[in-house]
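Chains, contacts and geometry: an overview
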Amino acid sequence: MSKKSFVIGVLFLAAAGAAGWHLINADSHDAIGKKQAAFVTVAPVVQKDVPLELSAVGSVVPYQSVTIHSRLDTQIIDVKFHSGDYVNQGDLLFQLDDRTIKAQIQEQQSNLARDRAQEENLKLQFERRKKLVGRGYETPENLEIAKAAYEAQAATVAATAAALQNLQVQLEFTRITAPISGRTGTVSLTAGNTVKANDLPLVVINQVKPIWVQFSLPQHVLDNVRQAKAAGPVAATAQHEGGKLVAGALDYIDNAVDSTTGTFAVRALFDNEDESLWPGMFANTTLKVGEEKDALTVPEVAIQHGPDGDYVFVIEQGKAQHRAVKVALIQKDEVIISDGLKAGEQVAIDGMMKIEDGGAVEIAPTTAPAPAAAESKK
């Protein structure tokens, strides 16, 4: 091979190598460009009517609760119910020993009869002296004495009658009846035990029909709740774990916001005829305070939180756009947007950690079910 031919060959190989390096470098740049496009999942901005529902976990509270005490120092003769029974207002619960009070009543009745007889006698004497004074046979001084004696005896009769009435009231205390209808708790003292007035509780009665569920809501929805209640009944639902969904209505809004939590308490009332709600249990509670017409909604996962407020990534023509939004209300897994978006726009709901404002994105395809799975569903 001549020297000229060798040089030509070397130059040819160098040119071919340069061309190959250029093609490889171009391919690597294309690959890097493709890697820069983040894969995202998107969801459309939907305009629709949205029921405004406020949800929270609440606790079941008895509508009324009464702790039963004895009002006498005596002994329990009989207990007329069992722990856990449902009792109606006026039902006899405890019979206390009433023998001492009955004997005192009989004594006081005798005293009252005696005092009334004396009163009648003094009254007659007073009337007789009054006539004699008119005829000049009696002095005014004796008339005044007779009048004072009569009036003193009348006061004695009134005091005796009051004492008798007090004993009759105490006799009623020996029969302890249910002041409300409800479910009883554990009976703490049984027949034969001695009780003291206003000492240990005998039993607690909780009114469970109807019943309350109390829960707390954030202060920014206070106006919504108050306006809804002013407009009419506010529907409520409650469901405890493993229980059925029951319907009721908002009954009460607390008169102050808790400054430590920024929440206010409300109570929803339920008929609870089947006693599915039990005092002390937790229940998932929802209030329907209205309906938002033509609201713009996006999935809650689309909302990002930054130092300047809430924002989303709007996906247009393969690019991601950082867009500030105003959140009006979070409704379960859905957010109502008051400003910043238009119906039909697409927002990223997955892959946001890889997105940059103005960066290229590719929309991830929706995963289709496998043929075998599709066949199994048929």
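Conventions adopted
- Along each chain, the written sequence defines residue order, and numbers are assigned to residues from 1.
- Totals for whole chains, interfaces and linings use all residues, but because this is a predicted model, local features are given only for residues with pLDDT of at least 70 and pairs of side-chain atoms are given and counted only at 80 or more.
- The basis for the side-chain values is all heavy atoms of the structure; hydrogens and waters are excluded.
- A run of H or I in DSSP becomes a helix once it reaches four residues, and a run of E becomes a strand once it reaches two; helices and strands are each numbered from the N terminus.
- Under the convention used throughout, the expected extent of a helix is 1.5 Å for every residue step, that is, one less than its residue count.
- Remark: exposure states derive from per-residue accessible area (1.4 Å probe, protein chains only) relative to the maximum for the residue type, with buried under 20%, exposed over 50%, and partly exposed in between.
- Working rule for contacts: check all heavy atoms of both residues, and any pair within 4.5 Å makes them a contact.
- Lining residues are those with an atom within 4 Å of a point, where the points come from a 1 Å grid over the protein atoms alone and group into cavities, where a 1.4 Å probe fits but cannot get out, or pockets, open sets with protein on both sides within 12 Å along at least five of seven lines.
- Grid points are joined across faces, edges and corners, and a volume is the space filled by probe spheres set on the points.
- Salt bridges are identified by distance alone: a Lys or Arg side-chain nitrogen within 4 Å of an Asp or Glu carboxyl oxygen.
- Pairing between two strands requires that DSSP report at least two bridges joining them.
- Take the buried Ala, Val, Leu, Ile, Met, Phe, Trp, Tyr and Cys residues and link them wherever side-chain atoms come within 4.5 Å; each set so joined is a nonpolar core.

1. Structural notes on helix α3 (residues 140-173)
Over its 34 residues, α3 runs 50 Å from end to end, which matches the ideal 50 Å to within 8%, given 1.5 Å per residue. Those residues of α3 not exposed but buried are Leu143, Ala146, Gln153, Val157, Thr160, Leu164 and Leu167. Those residues of α3 that are buried are in contact with α2 (99-135).

2. Brief notes about the layout of surface pockets
Roughly 170 Å³ of volume is contained in the largest pocket. Around the largest pocket, the lining residues are Val66, Thr67, Ile68, His69, Ser70, Arg71, Glu172, Phe173, Arg175, Ile176, Thr177 and Pro179. Where the lining of the largest pocket is concerned, the elements lending two or more residues are β2 (46-68), α3 and β6 (175-177).

3. Considering the environment of Val246
Assignment of secondary structure puts Val246 in strand β11 (residues 246-253). Between the C-alpha atom of Val246 and that of Phe270, which follows or precedes it by 24 residues, the distance is 7.6 Å. Contact partners of Val246, with chain neighbours within four places excluded, come to Ala236, Thr237, Ala238, Phe270, Ser276 and Leu277.

4. Some points on the pattern of salt bridges
In the structure shown here, the tally under the stated rule is twelve salt bridges. For Arg114, the salt bridge goes to Asp115, with nearest N and O atoms at 3.2 Å. Judged by its relative accessible area of 45%, Arg114 falls in the partly exposed class. Its salt-bridge partner being Lys244, residue Asp274 comes within 2.7 Å of it at the nearest N-O pair. Note that Asp274 is positioned in the loop between β12 (263-270) and β13 (282-299) and Lys244 in the loop between β10 (235-239) and β11, a separation of 30 residues in sequence. Overall, the relative accessible area of 45% leaves Asp274 in the partly exposed class. Among the charged side chains, a salt-bridge network with shared partners connects Asp49, Glu291 and Lys293.

5. Describing α2
Across its 37 residues, α2 extends 55 Å between first and last C-alpha, which sits within 8% of the 54 Å expected from 1.5 Å per residue. Three or more residues of α2 are buried, namely Ile101, Ile105, Gln108, Leu112, Asp115, Glu119, Leu122 and Phe126. Each element contacted by the buried residues of α2 is listed here: α3. Backbone geometry just downstream of α2 places Gly136 in the positive-phi region, at approximately 90°.

6. Focus: the sheet that holds strand β8 (residues 194-195)
Pairing is antiparallel in the open sheet, where four strands are placed in the order β6-β5-β3-β8. On the outer flanks of this sheet lie β6 and β8, each paired with one strand and no other. Sheet topology places strand β3 (residues 74-79) next to strand β5 (residues 92-96); three bridges connect them, and they run antiparallel. If you follow Asp78 over to β5, its bridge partner there is Gln95.

7. A word on the pairing of strand β15 (residues 309-316)
Note: strand β14 (residues 304-306) against β15, three bridges, orientation antiparallel. Bridge pairing in β15 places His305 opposite Asp310. Hairpin remark: β14 followed by β15, antiparallel, with two residues in the connecting loop. With six bridges connecting them, β15 and strand β16 (residues 319-324) associate as antiparallel partners.

8. Concerning the nonpolar core
Ranked by internal contacts, the top residues of the largest apolar core, which has 30 residues, are Phe215, Leu217, Val225, Phe270, Leu287 and Val289. Elements with a contribution of two residues or more to this core: β2, β9 (203-218), α4 (222-231), β10, β11, β12 and β13. The residues touching Leu217, leaving out its near neighbours within four places in the chain, are Leu54, Ala56, Val225, Gly262, Thr263, Phe264, Val266 and Leu287.

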